[in-house]
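Breakdown of the fold
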Amino acid sequence: MYQILVADAISEDGLQPLLDFKNGQLIIKKVTDPDVELDKVDALLVRSATQVTNDLLEKMPQLKIIARAGVGVDNIDVTAATKRGIIVVNAPDGNTISTAEHTFAMMASLMRNIPQAHQSVKNLEWRRNDFIGTELYGKMLGILGMGRIGSELAKRAKVFGMSVHVYDPFLTKERANKLGVESSSLDEVLELADIITVHTPLTPQTKGLINEDTLAKTKKGVYFLNCARGGIIDEDALAKFLGNGHVAGAAIDVFVTEPPGEHQLFKFDNVIVTPHLGASTKEAQLNVATQVAKEVRTYFEDKPVSNSINLPAMSRDIFEKIRPFHHLSTKIGLILSQCIKEGIDELSITYSGTVSDLETSYLTKALLAGFFKNRIDVHVNEVNALLTAKERGITIGEKISTNSFGYANAISVTAKGEKQHYSIRGTYIDHYGPRIVYLNDFNIDFHPEGNLLYIQHMDRPGVIGRVGKILGDNEVNIATMQVGRKQVGGEAIMVLSFDKPLDDESLTSLTSLDDIVSLNRIRIN
Ligand SMILES: NC(=O)c1ccc[n+]([C@@H]2O[C@H](COP(=O)([O-])OP(=O)(O)OC[C@H]3O[C@@H](n4cnc5c(N)ncnc54)[C@H](O)[C@@H]3O)[C@@H](O)[C@H]2O)c1
Ligand SMILES: O=C(O)[C@H](O)COP(=O)(O)O
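Residues numbered from 1 in each chain as written. Chains lettered and ligands numbered in written order. Predicted model: local features only at pLDDT ≥ 70, side-chain atom pairs only at ≥ 80, totals over all residues. Heavy atoms only, no water.

Naming follows an unreviewed UniProt entry, where the protein chain appears as D-3-phosphoglycerate dehydrogenase of Robertmurraya mangrovi. Listed in UniProt under the heading Sequence similarities (unreviewed entry), the comment for the protein chain reads: "Belongs to the D-isomer specific 2-hydroxyacid dehydrogenase family." In UniProt, the protein chain has this text filed under Function (unreviewed entry): "Catalyzes the reversible oxidation of 3-phospho-D-glycerate to 3-phosphonooxypyruvate, the first step of the phosphorylated L-serine biosynthesis pathway. Also catalyzes the reversible oxidation of 2-hydroxyglutarate to 2-oxoglutarate." (UniProt positions renumbered as here; feature names shortened; annotations may be inferred.)

Okay, structure coming up:
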């Protein structure tokens, strides 16, 4: 039974897919709650409040998936999660409309002094001349970050008769034209806009995007909005430019520290604030909760998730096509890891035939996960496979080739260590399953499953018989046996499979036989 911890305020209606999930148990508690057994949690659902730090992850060794019911993942140490093989998913578009609407409401409120006027009337005042506003009509709105929310905001601004200039280094001309906005440089937006709003993620590049230098380039009387992330607008710099009258007002939904406590911006009457409410609508909360609840369930049902931050997205159709090769790749990795007895520096993988049309990078990661499975302590999966290989100095080469050696598809792998050099090839045959068709320079054909013994020996009369006798004497039942050789009387190989793991005594007796070059027990599960 998977333990699923819901650590922030997430719509319970939206959690229905998990409430209906027979293999999951929902725990709705904060991570700091002493009743929560963090070491048993398999899935963690959060919004922006819970800080998913490396220290927290350390206490959660069973954690497999972190789901963010919202967009921003800056409260999650994604790098630390990735290292541990924990998949991180979010709900990227469930709160877009709500946040765009909130930004628009903040802009209108700011320009018409609505919060200030509201408070004044409630204080039994009637100061009509103190709250003269400014029309949005005819003004230029500058949007920094033209993604989902920026684009929705632009549509609404245009309807209000505003012109929209945007700065987003990743925005194409076609998309800007389609949205009817002017794509500009950062400096142009700063110099021309009457109102500037930020809608980028918080990254090292966007932290302090609006700072003293950029503020100095803006028009006197400019207004600023931040409904994205605290820190994109440097709070000290904004306070300074509000203080000297250069900035006419600001609307802020997000802060560097949340909750902000006593804050330097609160002393300005022309600053309006909300407590990170962009996504706080019934609709958005239902959307994001439903999206992540489905993602977590999908993940535990061994199906592909759609919105992972640290794994490539894959549709169900593609996943079904890739699934057999995924199994094959994992098995190849497992076999290699048990055959090669030292650390490796290089792994070269060649995909040919029908498999080369698929997402081969995903298969490479599966192969690495198989390779590392019994070698290192860390749980390696598709999320952290490449990182793990890199940390261990293994160079990964991936190629596509047209030569599939007579099979419809083939995955050929060579692993190089200091002393050893191993090559293996597998194929997937419809209605027949995965087969290993080449191992360490020998053509062979065996089903990579269960308890196997791979023997390299000299091709001499009686070797197979002697192997069979020792196993028979030790009551070991041979389930299948395949042989291969390059030339008569040269080196040859045998791959045997058993119903249960081969015992040490039999292995020792086999090792002492004449004409045996090497033996490897291989377990595939
Ligand atoms: N206040 C809230 O409650 C709330 C709700 C939802 C989202 N958000 C925040 O709003 C922001 C935008 O969310 P979104 O869903 O539109 O994200 P998005 O990923 O769709 O859009 C972000 C855009 O920023 C652009 N960008 C990235 N780096 C940039 C840079 N250096 N300069 C200019 N543009 C850059 C990207 O190209 C992208 O188009 C995020 O920070 C998100 O966390 C806040
Ligand atoms: O990134 C987001 O989705 C928003 O900032 C919403 O955050 P919240 O889920 O804490 O309201």
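After that view of the structure, there is still more to cover.
Let us look at the sheet that holds strand 5 (residues 87–90). Here we have five strands laid out as an open sheet, ordered 2-1-3-4-5, and parallel in their pairing. Of all the strands in the sheet, just strand 2 (24–28) and strand 5 have a single pairing partner and so form its edges. Each strand axis lies, on average, 20° off the axis of its neighbour in the sheet, ignoring direction. Note: strand 1 (residues 2–6) against strand 2, five bridges, orientation parallel. If you follow Val6 over to strand 2, its bridge partner there is Ile28. (Pairing = 2+ DSSP bridges. Helix = DSSP H or I, 4+ residues; strand = E, 2+ residues; numbered from the N terminus. Axes fitted to C-alpha atoms, helices over the stretch in contact; angles between N-to-C directions.)

As a structural note, the neighbourhood of ligand 2 is formed by Arg47, Ser48, Arg68, Ala69, Gly70, Val71, Gly72, Asn95, Arg229, His276 and Ala279. Between ligand 2 and Asn95 there is a distance of 2.9 Å, counted from an oxygen atom to a side-chain nitrogen or oxygen. In the environment of ligand 2, an oxygen atom lies 2.6 Å from a nitrogen or oxygen atom belonging to the side chain of His276. In isolation ligand 2 has 310 Å² of accessible area, and contact with the protein removes 91% of it. Of the residues in the shell around ligand 2, the class split is three nonpolar, five polar and three charged. (Near = heavy atom within 4 Å. Polar contact = N/O pair within 3.5 Å; in protein donor to acceptor, adjacent residues only side chain to side chain. Areas by Shrake-Rupley, 256 points an atom, 1.4 Å probe, with all protein chains shown as cover. Nonpolar A, V, L, I, M, F, W, Y, C, P; charged D, E, K, R; others polar.)

Looking now at the nonpolar core. Counting 68 residues, the largest nonpolar core has Leu45, Val296, Ile335, Leu347, Ile411 and Val413 as its most contacted members. Of all the elements, helix 12 (residues 316–339) adds the most residues to this core, at nine residues. Once you skip the residues sitting within four places of it in the chain, Leu45 turns out to touch Ile4, Leu5, Val6, Ala7, Asp8, Ile10, Leu15, Leu18, Ala67, Val292 and Val296. Leu186, Val222, Ala228 and Ala250 belong to the second largest nonpolar core, which has 27 residues in total. (Core = buried A, V, L, I, M, F, W, Y, C linked by side-chain atoms within 4.5 Å. Buried < 20%, exposed > 50% of the residue type's maximum accessible area, 1.4 Å probe, protein only. Contact = heavy atoms within 4.5 Å.)

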